[in-house]
Amino acid sequence: MGLLVSTAISGCASLSDFGGKPPVPVIPPPLATVAPSPGAMVSPILEFVSVDPATSPWFEKETQSGVKKVFWEDLKNSEANPELPLERSFVSIKRVTGDGSLGFASTKFSAEAGKYRTIIDYAKYRDEVMGPNNIPCKVGVGVRIVADIVTTKANVDLGSLFAIAFAAKSGYLSGQIEVIKIGIDSPALSLILPPPTEINDTSLQNAMQAVAAIRAKMYDDETKIRPHVIAIKYLK
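Residues numbered from 1 in each chain as written. Predicted model: local features only at pLDDT ≥ 70, side-chain atom pairs only at ≥ 80, totals over all residues. Heavy atoms only, no water.

K.L.:
Is there a simple way to explain the environment of Glu178 in this structure?
P.N.:
For Glu178, the location among the structural elements is in strand β8 (residues 173–182). Considering only alpha carbons, one finds Glu178 and Arg144, 34 residues apart in sequence, at a separation of 8.2 Å. The contact partners of Glu178, leaving out residues within four places of it in the chain, are Arg144, Ile145, Val146 and Pro196. (Helix = DSSP H or I, 4+ residues; strand = E, 2+ residues; numbered from the N terminus. Contact = heavy atoms within 4.5 Å.)

K.L.:
Help me out: how do you make sense of the pairing of strand β3 (residues 66–71) in this one?
P.N.:
For a regular strand, side chains alternate in direction, first toward one face of the sheet and then toward the other. By the bridge criterion, 6 bridges tie strand β2 (residues 58–63) to β3 in an arrangement that is antiparallel. When the sheet's bridge partners are listed, Phe59 is paired in β3 with Val70. Where β2 folds back on β3, the antiparallel hairpin that results is connected by 2 residues. (Pairing = 2+ DSSP bridges.)

K.L.:
Would you mind showing me how to read the pattern of salt bridges here?
P.N.:
Charged atoms that come close allow side chains of opposite charge to pair. The tally for this structure, following the rule as stated, stands at 13 salt bridges. Salt-bridge contacts for Arg226 lead to Glu73; the nearest nitrogen and oxygen are separated by 3.1 Å. Here Glu73 lies in the loop between β3 and α1 (77–80) and Arg226 lies in the loop between β11 (224–225) and β12 (228–233), a separation of 153 residues in the sequence. In this structure Arg226 comes out as partly exposed when scored by relative accessible area, which is 31%. For Glu73, a relative accessible area of 46% gives the class partly exposed. (Salt bridge = Lys/Arg side-chain N within 4 Å of Asp/Glu carboxyl O. Buried < 20%, exposed > 50% of the residue type's maximum accessible area, 1.4 Å probe, protein only.)

Rendered as structure tokens:
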């Protein structure tokens, strides 16, 4: 199993050609995990993993006169949205080691009692191939829920908010949840994000309400979208 790590988020060959784009965050290595208990469902290794959002100010578009560089800042919302034709949610789970470093878990279950981070992205995006190594990326906007979790046992399902809520109620985990808005700016959303708070039924419900409210504003004329690199390819 290997990882392909990029230091650039453009299709160009050198950083000087990236038009000021910052590097894609480095993907942490996978961590060994304990096999889940007999009968437990095991998720396949994720093809894409969430990364810290990195600004992607422009994209290339085929036109009758050739390939054109288009800056998101120059587009109205009604023009930018069609350039992000894909919409889906995806989950990444990271294990926090004793020294504070992160590694991606190979299943959605906790390998043992310890610290984990579950990242759930609700994204509208386009597929890009960027960097000198042509690394597949998801470039877009959306809402991210981050749950920093401490589990008390192995084989705790961390793969969804419903599973996390059940485990928290059962006493199998504790932690904090946060909602992050990525590349969606609107005056109507200035106060919509709940503060980071303890994981419980109320905080999870508030997080989902914030996600719904932000997604509902994505197509409004006054909304400005500024896509970011939100996930990159995790090579098996």
